[in-house]
Amino acid sequence: MRLASSLGLGAALVVAGCLAAGIQQPSAVGAAEVGYVALPSPARVLDTRSDGATVDGQFQRGGIRPLGSTLALTVAGRAGVPSDATAVVLNVTVTEATGSGYVTVYPCGATQPTASNLNYVSGKNIPNLVIAKVGTAGQACLFNTAPTQLIVDVAGYFPGTDALAPLDAPARLLDTRPDGITIDGIGAAGGIRGAGTVQTLQIAGRAGISAGVSSVVLNVTVDQPDGSGYITVYPCDAARPTASNVNYVLNQTIPNAAIAKVAADGTVCFFTSRATHLIVDAAGYFADASVLVPLPAPARLLDSRSGGATIDGLFQATGFRPSGGTIQLTVAGRAGIPATASAVVLNVTVDQAQTEGYITVYPTGVARPNASNLNYVIGQTVPNAVIARLGSGGTICLYSSGATHLIVDVAGYLIGPAPAAPGSSCPADPLPPAPQPPGPTPTTQPPGGGLDPRYPTCTAAKAAGYGPYVFGVDPEYAWYEDRDHDGIVCE
């Protein structure tokens, strides 16, 4: 699968009870500004692929990054980022990896830390948000282990440290693996986290993070899970919300960024639904809540699954999003998001993907950008965070290139220019295929089919627990019904 040629905020900010930064427009003021400065649109600053293209022609088509290499990427002074920016918000994506590995992003000039931003395996496209401190010569360094192509988009920057205080380099605060190492020895090698358990992690007072901080920028990674599950990140002095930050399957290693609100005692909690190892790195912190506006707890705004439930009953159990479809999601006026909110911090998850594809989130009333926020393959459940500008009437568009279920949680909102009044709409979903007579229904499985012949139809197989994603993964299931003749069976 090819990625959209320009990724958007991608894994922008997964937030647990988190805060959201005030929006400013780029200017020549530079570091005299405060808050988070969103670029007019994300801009590609690195694409190593043979057909890669960047905003200014620099750092493009450099070829696959070799084993154990470090690339010094100039970010300041490009794509509207001023030369004196202190930190940048990046979407980093690996694609065409030839093995399992990880990427570490850190300020050039600093020692490479024992931390990671992305973990990947061969053949998967993995994006993640990185808030990177800008190093010497306005550069961020990207170290990769296994050979892979690298794509980097910049979405915005922090011009001053009164909003975000980036650490000099990412710091590991938790690593439960037997050989785990942390910045200070606390939280190291504690063993796999059991199903249904909560890990309390001390944040304040470690790695240079001062006491009394409002929220912290984390990278949360699961490793060696014993089944499908999720992680919920939240302040330890609050009730655990019905939301997720990382979704994973058996033996998967997957990261996601999180801006987590810190409890009064300086802790953050991590709920694990299924046993897994857990690794947490810190990249920076917000000293107070003047920049970001949190919700009391993350709230679900969309869940297309048959048993899906949302905060207010809207946009629930709506069914698979079709290939090439766009849903217009109302955000303002729900879950405590005011009509004047400029943008929102979302966690967007695809589930039971029927085909390869990607999701693009953009404001209602503008053309769909050549960008993506999540990239997925058949059967995959993958989350990513998105900072989404609100469009006409406080709504956003979510485009799905491949059929999949969609889940959207909101965790906070951004103060800035209010969205336009209602009027514009997202593009309509494509028309379904013209009705055709159903194909023949087999009464027995074909030779070598591998399925129990007691389940000769989609209805029987689904009742026995076979999910739609299974039919797309294994060719032996292709003899099942394809009633609309679109090549996808048992929809």
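Residues numbered from 1 in each chain as written. Predicted model: local features only at pLDDT ≥ 70, side-chain atom pairs only at ≥ 80, totals over all residues. Heavy atoms only, no water.

Caption draft 1: Representation of the pairing of strand S5 (residues 87-95) in the model. Counting buried positions over the nine residues of S5 gives nine, a clear majority of the element. Looking at chain direction, S5 and strand S10 (residues 149-158) are connected through nine bridges and run antiparallel. Bridge pairing in S10 places Val94 opposite Leu150. Across eight bridges, the pairing between S5 and strand S8 (residues 126-133) is antiparallel. Residue pairing for S8: Val88 is matched across the bridge by Ala132. (Buried < 20%, exposed > 50% of the residue type's maximum accessible area, 1.4 Å probe, protein only. Helix = DSSP H or I, 4+ residues; strand = E, 2+ residues; numbered from the N terminus. Pairing = 2+ DSSP bridges.)

Caption draft 2: Representation of the pattern of salt bridges in the model. Scanning all chains against the criterion turns up 17 salt bridges. One salt bridge connects Arg49 with Asp47, and the closest N-O pair in it is separated by 2.8 Å. Of the charged contacts, one joins Asp175 and Arg172 as a salt bridge, the two residues approaching to 3.6 Å between their closest N and O atoms. Through salt bridges with shared partners, a single network forms among Arg172, Asp175, Arg177, Asp223 and Asp281. (Salt bridge = Lys/Arg side-chain N within 4 Å of Asp/Glu carboxyl O.)

Caption draft 3: Focus on the sheet that holds strand S12 (residues 197-202). Within the open sheet, the four strands sit side by side as S12-S17-S14-S15. Their pairing is antiparallel. In this open sheet, the two strands that pair with only one neighbour each are S12 and strand S15 (246-248). Averaged over all pairs of adjacent strands, the angle between strand axes in this sheet comes to 20 degrees, irrespective of strand direction. (Axes fitted to C-alpha atoms, helices over the stretch in contact; angles between N-to-C directions.)

Caption draft 4: Spatial organisation of the packing of aromatic side chains. Within the structure shown, the criterion is met by three aromatic pairs. Here the aromatic rings of Tyr102 and Phe143 are separated by 6.2 Å at their centres, their planes lie at 55 degrees, and the arrangement is tilted. Of this pair, Tyr102 sits in strand S6 (residues 101-107) while Phe143 sits in strand S9 (residues 139-144), and the two are 41 residues apart along the sequence. Measuring from centroid to centroid gives 6.1 Å for Tyr358 and Tyr399, while their planes differ by 50 degrees, and the two rings are tilted. Remark: Tyr399 occurs in strand S25 (residues 395-400) and Tyr358 occurs in strand S22 (residues 357-363); sequence separation between them is 41 residues. By relative accessible area, Tyr399 is classed as buried at 12%. Sitting over the ring of Phe271, Arg240 keeps its end group 3.6 Å from the ring centre. Geometry around Tyr399 places Arg368 over its ring, the cationic atom sitting 3.6 Å from the centre. (Phe/Tyr/Trp six-rings, centres within 6.5 Å; stacked < 30°, edge-to-face > 60°. Lys NZ or Arg CZ within 6 Å of the ring centre and 35° of its normal.)

Caption draft 5: Expanded view of the nonpolar core. Counting 57 residues, the largest nonpolar core has Val216, Leu218 and Phe270 as its most contacted members. Not counting residues up to four positions away in its chain, the partners in contact with Leu218 are Ile203, Asn256, Ala257, Ala258, Ala260, Phe270, Val280, Asp281 and Ala282. Ranked by size, the runner-up nonpolar core spans 31 residues in total, among them Ala43, Val75, Val105 and Ala146. (Core = buried A, V, L, I, M, F, W, Y, C linked by side-chain atoms within 4.5 Å. Contact = heavy atoms within 4.5 Å.)

Caption draft 6: Region of interest: the pairing of strand S14 (residues 229-235). Within S14, six of the seven residues are buried, which leaves the element mostly enclosed by the surrounding structure. Relative to S15, S14 runs antiparallel, the two sharing three bridges. Directly across from Tyr230, in S15, lies its bridge partner Asn247.

Caption draft 7: Broad picture of unusual backbone geometry. Look at Phe59: it is not a glycine, yet its phi comes out positive at around 55 degrees. The phi dihedral of Gln352 is positive, around 55 degrees, even though this residue is not glycine. Mapped onto the fold, Gln352 is located in the loop between strand S21 (343-351) and S22.

Caption draft 8: Structural context of the sheet that holds S9. Strand order in this open sheet of four strands is S4-S9-S6-S7, and the pairing throughout is antiparallel. Edge positions in the sheet fall to strand S4 (69-74) and strand S7 (118-120), since each of these pairs with one other strand and no more. Strand-to-strand, the axes of this sheet are offset by a mean angle of 20 degrees, without reference to chain direction. As paired elements, S6 and S9 share five bridges and run antiparallel to each other. Across the sheet, residue Val105 finds its bridge partner in S9, namely Leu142.

Caption draft 9: Up close: the side chain of Asn247. As for its placement among the helices and strands, Asn247 is situated in strand S15. One polar contact links Asn247 to Ser244, side chain to side chain, over a distance of 3.3 Å. Setting aside anything within four residues of it in sequence, one finds Asn247 in contact with Gly229, Tyr230, Gln252, Ile254, Thr349, Thr381 and Pro383. (Polar contact = N/O pair within 3.5 Å; in protein donor to acceptor, adjacent residues only side chain to side chain.)

Caption draft 10: Fine view of the confidence of the model for the protein. In this model, the protein carries a mean pLDDT of 81, and residues with pLDDT of at least 70 account for 78%. Contacts for the low-pLDDT stretch residues 1-33, under 50 throughout, to residues beyond four places or in other chains number 170 contacts. Below pLDDT 50 for its whole length, residues 442-450 participates in 12 contacts with residues either more than four positions away or in separate chains. (pLDDT = per-residue confidence, 0-100.)

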